[in-house]
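# Descriptive structure summary
Given next are the chains, with one letter for each unit.
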Amino acid sequence: VGQLLWWKNSDSDTLLKSLRVPLLLALFFTVASYLIGAHHATMLAFIFASSFALFTNSMVGYRIFKGNQKMAGGAIAHIGLSLMFLGFVASAKYDDKETVSLEQGKQVEAMGYKMRYVGYHPIERGRFAFDVEVERGDQRFVVAPVMFYNKDNEGLMRNPDIINLMTKDFYVSPLSLETPDAKNEQELTVEKDEVQKFQDMTIKYLGYSFSTSPEKGNIVTATLEVTRGGKTVSLAPEMRNEKGKVSYIPASLPNTQIAFTIKGMNMGRGDRGKSSITLGVSAPLAEGQLKKNETLIVEASVKPFINLVWMGTMILVGGFLITIVRRGVEARTKEA
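Notes on the structure follow. Source: prediction; values computed, not measured.

Reading the values: rules and limits
- Residues numbered from 1 in each chain as written.
- Predicted model: local features only at pLDDT ≥ 70, side-chain atom pairs only at ≥ 80, totals over all residues.
- Heavy atoms only, no water.
- Helix = DSSP H or I, 4+ residues; strand = E, 2+ residues; numbered from the N terminus.
- Rg over C-alpha atoms; globule rule 2.2 N^0.38 Å.
- Buried < 20%, exposed > 50% of the residue type's maximum accessible area, 1.4 Å probe, protein only.
- Contact = heavy atoms within 4.5 Å.
- Areas by Shrake-Rupley, 256 points an atom, 1.4 Å probe, with all protein chains shown as cover.
- Axes fitted to C-alpha atoms, helices over the stretch in contact; angles between N-to-C directions.
- Parallel < 35°, antiparallel > 145°, perpendicular 65-115°, else oblique.
- Left-handed = near helix turned anticlockwise from the far one by under 90°.
- Phe/Tyr/Trp six-rings, centres within 6.5 Å; stacked < 30°, edge-to-face > 60°.
- Lys NZ or Arg CZ within 6 Å of the ring centre and 35° of its normal.
- Salt bridge = Lys/Arg side-chain N within 4 Å of Asp/Glu carboxyl O.
- Pairing = 2+ DSSP bridges.
- Expected span 1.5 Å × (residues − 1).
- Bend = angle between axes of the 7 residues up to and from the residue.
- Patch = residues over 30% accessible without salt bridge, like charges linked within 9 Å, V, L, I, M, F, W, Y side chains within 5 Å.

## Some details on the overall build of the protein chain
- If you tally the helices and strands in the protein chain, you get 4 helices and 20 strands.
- A globule of 336 residues ought to have a C-alpha radius of gyration of about 20 Å, yet the protein chain, at 31 Å, is considerably larger.
- Judged by the C-alpha coordinates and their principal axes, the protein chain covers about 95 × 50 × 45 Å.
- Put simply, the protein chain has 336 residues, and 35% of those count as buried.
- In the protein chain, of all internal contacts separated by at least 6 residues, the share reaching a separation of at least 24 is 52%.
- When the accessible surface of the protein chain is summed, it comes to about 20700 Å², and 56% of that surface belongs to carbon and sulfur atoms.

Right, here's the structure in full:
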């Protein structure tokens, strides 16, 4: 509203008349946004305020630009800010994402895009780029999201790659890489004191114990009873946490290559009922069973109208530059 007020030269009738067009346009824009799916009250209020600012500053900027282009920097900057806000709302409301497993060499379709993981290659500073071919209709792209181990944070860092399209951006963010294994691993969840059949075995989860060791850190030990071929064996897979580093120690069935690893636990405290454990059970591949290829797990996401944010940013910076240059010229003129 302040953009419509002229210093020492404004009255209520002129202000109300100036407000009429941007208010009607903002109201129309907000109603249109509601009709296409923006139903949250706070979001609608933000859309109304941003669109009102956009139309007001467009009107004021046009008038100023016709008279003195050097004075239009403020209105241009406000237009850019309004577009940024509208881009934020549109992108947050209509974004879509999906976790996808990309087995090397095999094409997978998600959200209308066909993706195929090709492989990875090392780049600078110990980083690795993972090449993914993306197809949509007749368009073909290659993205290369990055993963690397950060020694300072002692964690895996992930950087997405982006395909910038006219009305949206398509993000491919790496989550993990599953390397081929000579074993076949399956998961099952067992509640305490429950007996569950798995292949030619029966598995009973008896509970867990917690201990602390200076050498091994905090240790959670699960107790299992595994019966196979009429013989019952007690196994104790472990989950260790040593100064933030979590490791999983499997327990193997004697005289076999079958191993049990803790994948997750529900401690079952309070009103959550019995404790339960999720186990990874690995065994040699059966004869004739094919080994899986390397698999890249990614999060694919679509952010529509994100170009409004980039456009608004550039317009905002442009408005600032016009104002800064004008102020600089005025300052030098006064000094002279």
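## Points about the environment of Asp161
- Its location among the elements puts Asp161 in strand β8 (residues 161-164).
- Look at Asp161 and you get partly exposed, because its relative accessible area is 25%.

## A few points about the packing of helix α1 (residues 12-35) against helix α2 (residues 41-67)
- Relative to each other, α1 and α2 sit at 140°, their axes nearing to 8 Å. Relative to α2, α1 is oriented oblique. The crossing of α1 and α2 is right-handed. Counted together, Ser18, Leu19, Pro22, Leu23, Leu25, Ala26, Leu27, Phe29, Thr30, Ser33 and Tyr34 of α1 and Leu44, Ile47, Phe48, Ser51, Phe52, Phe55, Thr56, Met59 and Arg63 of α2 form the full contact between these two elements.

## Considerations on unusual backbone geometry
- Here the phi dihedral of Met111 falls at roughly 55°; this positive angle occurs in a residue that is not glycine.
- Mapping Met111 onto the fold places it in the loop between β2 (107-110) and β3 (113-122).
- For Asn255, which is not glycine, the phi dihedral falls at a positive 65°.
- Under the relative-accessibility criterion, Asn255 is labelled exposed at 87%.

## Focus on the packing of aromatic side chains
- What the rule picks out here adds up to 7 aromatic pairs.
- Pairing Tyr120 with Phe128 gives two aromatic rings, centres 5.8 Å apart and planes at 80°, and the pair type is edge-to-face.
- With a relative accessible area of 33%, Phe128 lands in the partly exposed category.
- When the centroid spacing of 5.4 Å and the interplanar angle of 40° are considered together, the rings of Tyr120 and Phe130 count as tilted. Here Tyr120 is found in strand β3, whereas its partner Phe130 is found in strand β4 (residues 128-136), with 10 residues between them in sequence.
- Through a chain of ring-to-ring contacts, the aromatic side chains of Phe46, Phe85 and Phe88 assemble into a single cluster.
- Of note, Arg127 hangs over the ring of Phe148, and the distance from its end group to the ring centre comes to 4.0 Å.
- Looking at Arg136, its charged tip hangs above the ring of Tyr113, at a distance of 4.7 Å from the centre.

## Re the pattern of salt bridges
- Using the criterion set out here, one finds 7 salt bridges in the structure.
- Residue Arg326 is joined to Glu330 by a salt bridge in which the shortest nitrogen-to-oxygen separation is 2.9 Å. Here Arg326 pairs with Glu330, and both are found in helix α4 (residues 307-335), just 4 residues apart, close to one helical turn.

## Describing the sheet that holds strand β1 (residues 96-103)
- Read across the sheet, 4 strands follow the order β1-β20-β9-β8 without closing on themselves; strand pairing throughout is antiparallel. At either margin of the open sheet sits one strand with a lone partner, and together these are β1 and β8. If you compare each strand with its neighbour and ignore which way they point, the axes differ by 20° on average.
- Strand direction decides the pairing type here: β8 and strand β9 (residues 168-178), joined by 4 bridges, are antiparallel. Residue Asp161 lies in a different strand from β9, and its bridge partner there is Val172.

## Observations concerning α1
- Compared with an ideal rise of 1.5 Å per residue, which puts 24 residues at 34 Å, α1 spans 34 Å between its outermost C-alpha atoms and is within 8% of the ideal.
- Along α1, the sharpest kink reaches roughly 30°, centred on Arg20 and followed within four residues by the proline Pro22.
- Those residues of α1 that fall on the buried side of the exposure criterion are Ser18, Leu19, Pro22, Ala26, Thr30 and Ser33.
- Of the surrounding elements, those touching the buried residues of α1 are α2 and α3 (73-94).

## Digging into a nonpolar patch on the surface
- Together, Leu27, Val31, Tyr34, Leu35 and Ile36 line one region of the surface with nonpolar side chains, adding up to about 530 Å² of accessible area.
- Summarising the element assignment, Leu27 is placed in helix α1.

## With respect to the packing of α3 against α4
- Put simply, α3 and α4 touch, their axes get as near as 7 Å, and they point 165° apart. It follows from the interaxial angle that α3 and α4 lie roughly antiparallel. Viewed along their axes, α3 and α4 form a crossing whose handedness is left-handed. Packed against α3, whose contacting residues are Gly73, Gly74, Ile76, Ala77, Ile79, Gly80, Leu81, Leu83, Met84, Leu86, Gly87 and Phe88, the element α4 presents Leu308, Val309, Met311, Gly312, Thr313, Ile315, Leu316, Gly319, Phe320, Ile322 and Thr323 at the interface.

By themselves, these figures tell us nothing about what the structure is for.
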